[in-house]
Amino acid sequence: MVTERPRESRHKEIDAIVEARAGGVTETRDEADKYTVVGAAQRRTFANWLTPIEEHFVCHRNNIPDIDADAWTVSLTGQVEADLLMTDIREEYPTVAVAHTMECAGNGRGQHRPETGSVQWGFEAAATAFWTGTPVSSILRAHGVDSPDGKWLTAIGGDPSDDDDVFARSIPLVKAVNDCLLAYEMNGEQLPREHGYPIRLIVPGWYGVNNVKWVEELRVMDTMVVEGSLDRPGEHGFWQQKSYRIHPKGTDPDTNDTIETIDTWEQLEGAVEYPYTFDATVMSVIGTPAGESPVTPRSDGTIEVRGVAWAGDDAVDCVEVSTDGGETWDDAELFGPEYSGAWRLWRFEWEAEPGTHVLLSRATDELGRRQPARISRPDAWRDALDNNEFPWNEGGYAANAYEPNSVEVEVEIQPSE
Ligand SMILES: Nc1nc2c(c(=O)[nH]1)N[C@H]1C(S)=C(S)[C@@H](COP(=O)(O)O)O[C@H]1N2
Ligand SMILES: [Mo]
């Protein structure tokens, strides 16, 4: 099966990324060596709103393609037909920037018990960057696409596969023309190779997998990508219809031409049998204190607990913090930039007593959906949701339980001199 074949070239690529980023990221365990994966090396990354490129996780399946940016084209296909050069994309259309919290759909996979296969992420596969590029809507409008209802946009990566799968992902055209862009800069710098140079799709608030890197084709379609949708050889439906579907152990998701409900959590609650990983589920991470060394309260006796919270393209409504392992909870204060599709900063003034404490955070989105406490056992599936649990699923996708992300902090009172 396509998913289980190891790659040989992966370690060189990972070493090069880790070296170039000098301590900002570390490699994450991948059982079958399928992916190139590095994640934030330190919890401190989650104490800040903007993630430097050096600390931004990286995740992809194939080798980074060899690129001559001057010759690179993005083909518009399906209900449109054109070839766009990079200079066209940069110069013929408006330039915009968006903030986007990218989270790998497999973030938290390593917290499933029993373990699932693939990359054993903790919470390190999430990051917020500024992406600069051209609105998808401007390009499509210029080529005569103006009514998005019911249609899909399929983005195809130019990364060559070891097998015959094509990296093709579909998003509803409504989302694509609402806020998506073809990005060629990240945090004001030329898009790094490992993040999709010369051009990638950015889908604000949606799981990483939708954000196709090294885009070479955008196809306007009446359906999602299914086997046989594309004018090219290879397996077309794998990344949309088989992989990145949320399903219980031993099941095989059916192919859908289209679905009515886009929101990942609504799908999980029953709207779609085996949900697609589209927008990210509500999540939070404590950035500081990081638990690595003892902390001393300020002169007023408090310690600032600070972190980030996000909810895909929904807004974060509130964040609660517990400093006693989940016995009691207090509201944190949201602050800082507020962009849809990007995380919020939050802080809590903790009146800390000496000793060891277990800190937790949990966020609730604007639709009242709160992070569950833990990941369920494998047989629970959707029933887990009624039990304050996230459904264990075979691919380990979309997990947002808060207990596994706790931080143990030792508080010391400095002896007065
Ligand atoms: N072409 C292509 N795009 C891809 C991938 C890939 O393997 N090939 N991996 C996806 C996945 S699973 C994730 S999580 C994000 C990661 O983006 P980043 O490496 O810039 O953080 O890229 C997505 N885009
Ligand atoms: Mo991912």
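For the structure, see preceding data.
These figures come from a predicted structure and were not determined experimentally. (Residues numbered from 1 in each chain as written. Chains lettered and ligands numbered in written order. Predicted model: local features only at pLDDT ≥ 70, side-chain atom pairs only at ≥ 80, totals over all residues. Heavy atoms only, no water.)

Undergrad: Can you walk me through the site of ligand 1 in this structure?
TA: Contacts to ligand 1 come from 20 residues, most closely from Phe57, Asp159, His195, Arg200 and Lys213. Arg200 is positioned with one of its side-chain polar atoms (N or O) 2.7 Å from an oxygen atom of ligand 1. Residue Asn211 places a main-chain N or O atom 3.1 Å away from a nitrogen atom belonging to ligand 1. For ligand 1, the protein covers 100% of the area, taking 530 Å² as the surface of the free molecule. (Near = heavy atom within 4 Å. Polar contact = N/O pair within 3.5 Å; in protein donor to acceptor, adjacent residues only side chain to side chain. Areas by Shrake-Rupley, 256 points an atom, 1.4 Å probe, with all protein chains shown as cover.)

Undergrad: Where do I start with the pairing of strand S8 (residues 152–157) in this structure?
TA: Remember that side chains alternate between the two faces of the sheet whenever the strand is regular. Across the six residues that make up S8, a large majority, six, are buried. The alternating pattern of S8 places Trp152, Thr154 and Ile156 and Leu153, Ala155 and Gly157 on opposite faces, both of which are buried. Strand direction decides the pairing type here: S8 and strand S13 (residues 215–221), joined by six bridges, are antiparallel. When the sheet's bridge partners are listed, Trp152 is paired in S13 with Met221. (Buried < 20%, exposed > 50% of the residue type's maximum accessible area, 1.4 Å probe, protein only. Helix = DSSP H or I, 4+ residues; strand = E, 2+ residues; numbered from the N terminus. Pairing = 2+ DSSP bridges.)

Undergrad: Where do I start with the sheet that holds strand S4 (residues 73–78) in this structure?
TA: Strand-to-strand pairing in sheets goes through backbone hydrogen bonds, with the strands running parallel or antiparallel. Taken in spatial order, the five strands make up an open sheet running S5-S4-S13-S8-S9, and their pairing is mixed. Because the sheet does not close on itself, it has two edges, and the strands there are strand S5 (82–85) and strand S9 (168–172). Along the sheet, successive strands turn relative to each other by an average axial angle of 20°, direction set aside. By the bridge criterion, five bridges tie S8 to S9 in an arrangement that is antiparallel. Residue Ile156 lies in a different strand from S9, and its bridge partner there is Ala168. (Axes fitted to C-alpha atoms, helices over the stretch in contact; angles between N-to-C directions.)

Undergrad: Can you help me understand the layout of surface pockets in this one?
TA: To find leftover empty space, a probe the size of one water molecule is rolled over the atoms. Considered as a void within the structure, the second largest pocket measures approximately 150 Å³ in volume. Lining the second largest pocket we find Trp265, Glu269, Gly368, Arg369, Arg370, Gln371, Pro372, Leu385, Asn388 and Glu389. Grouping the amino acids of the lining of the second largest pocket by side-chain chemistry returns three nonpolar, three polar and four charged. (1 Å grid on protein atoms, 1.4 Å probe; cavity = no way out; pocket = protein on both sides within 12 Å on 5 of 7 lines; lining within 4 Å. Points joined across faces, edges and corners; volume = space filled by probe spheres on them. Nonpolar A, V, L, I, M, F, W, Y, C, P; charged D, E, K, R; others polar.)

Undergrad: Help me out: how do you make sense of the packing of aromatic side chains in this one?
TA: Geometrically, a pair of aromatic rings is defined through the distance of the ring centres and the angle of the planes. Scanning the entire structure with this criterion turns up 17 aromatic pairs. Ring centres of Trp152 and Phe278 lie 6.3 Å apart, and the angle between their planes is 40°; on these two criteria the pair is classed as tilted. In this pair, Trp152 sits in strand S8 while Phe278 sits in the loop between helix H6 (264–271) and strand S14 (283–288), placing the two residues 126 residues apart along the sequence. Residue Trp152 is classed as buried on the basis of its relative accessible area, which comes to 2%. Members of the aromatic cluster, each reached through a chain of ring pairs, are Phe167, Phe238, Trp239, Tyr244 and Tyr397. Positioned above the aromatic ring of Phe335 is the side chain of Arg347, whose terminal nitrogen or guanidinium carbon lies 3.9 Å from the ring centre. (Phe/Tyr/Trp six-rings, centres within 6.5 Å; stacked < 30°, edge-to-face > 60°. Lys NZ or Arg CZ within 6 Å of the ring centre and 35° of its normal.)

Undergrad: Honestly, empty space enclosed by the protein in this entry has me stumped. Any pointers?
TA: Throughout the structure, instances matching the rule amount to four cavities of 30 Å³ or more. Volume-wise, the largest cavity comes out at about 270 Å³. Lining the largest cavity are 22 residues, and of these Cys59, His60, Gly208, Val209 and Lys213 lie nearest its centre. Among the elements that make up the lining of the largest cavity, the one with the highest residue count is strand S3 (residues 58–60) (three residues).

Undergrad: Before we go on, may I ask you to explain the sheet that holds strand S23 (residues 407–411) in this structure?
TA: With antiparallel pairing, the four strands of this open sheet are ordered in space as S17-S16-S20-S23. For this open sheet the edge positions go to strand S17 (330–331) and S23, each flanked by a neighbour on one side alone. As judged from the two bridges shared by strand S16 (residues 316–322) and S17, these two strands associate in the antiparallel manner. Within the sheet, the bridge partner assigned to Val321 lies in S17 and is Asp330.

Undergrad: Before we go on, may I ask you to explain the pattern of salt bridges in this structure?
TA: Following the criterion strictly, the structure yields 22 salt bridges and no others. For Asp179, the salt bridge goes to Lys175, with nearest N and O atoms at 3.0 Å. You can see Asp179 and its partner Lys175 sitting in helix H4 (residues 173–179), four residues apart, about one turn around the helix. As far as the burial class goes, Asp179 and Lys175 line up, both buried. Where Glu217 meets Arg219, a salt bridge forms, and the shortest distance between an N and an O atom there is 3.4 Å. Comparing Glu217 with Arg219, the two get one shared label, buried. (Salt bridge = Lys/Arg side-chain N within 4 Å of Asp/Glu carboxyl O.)

Undergrad: What is the right way to look at the side chain of Ser75 in this model?
TA: Relative to the assigned elements, Ser75 resides in strand S4. A polar contact is formed between the side chain of Ser75 and the side chain of Asp83, at a distance of 2.9 Å.

Undergrad: Would you take a moment to explain the pairing of strand S10 (residues 181–186) for this structure?
TA: Of all the six residues making up S10, five are buried; the element is thus mostly covered by neighbouring parts of the structure. With five bridges connecting them, strand S7 (residues 126–135) and S10 associate as antiparallel partners. Counterpart to Thr134 in the pairing with S10 is Leu182. Pairing between S10 and strand S12 (residues 200–202): three bridges, direction antiparallel. Its bridge partner lying in S12, Leu182 is registered against Leu201. Note: S10 against strand S11 (residues 189–190), two bridges, orientation antiparallel. Its bridge partner lying in S11, Glu185 is registered against Gln190. Between S10 and the antiparallel strand that follows it, S11, lie two residues; Asn187 among them carries a positive phi value of about 50°.

Undergrad: I'm lost on helix H1 (residues 10–20) in this one. Help?
TA: Because the α-helix completes a turn every 3.6 residues, residues three or four places apart line up on one side. Of the residues making up H1, those classed as buried are Arg10, Glu13, Ile14 and Ile17. Buried residues in H1, looked at end-on, bunch into an arc of 95°, giving them a common side. For H1, the exposed residues lying more than 90 degrees away from the buried face are Lys12 and Glu19. Where H1 is buried, its residues meet strand S1 (25–27), strand S2 (36–40) and S3. Looking one or two residues beyond H1, the residue adopting positive phi is Ala22, at roughly 35°. (Arc of directions from axis to C-beta. Contact = heavy atoms within 4.5 Å.)

Any functional reading would require information that these geometric values do not contain.
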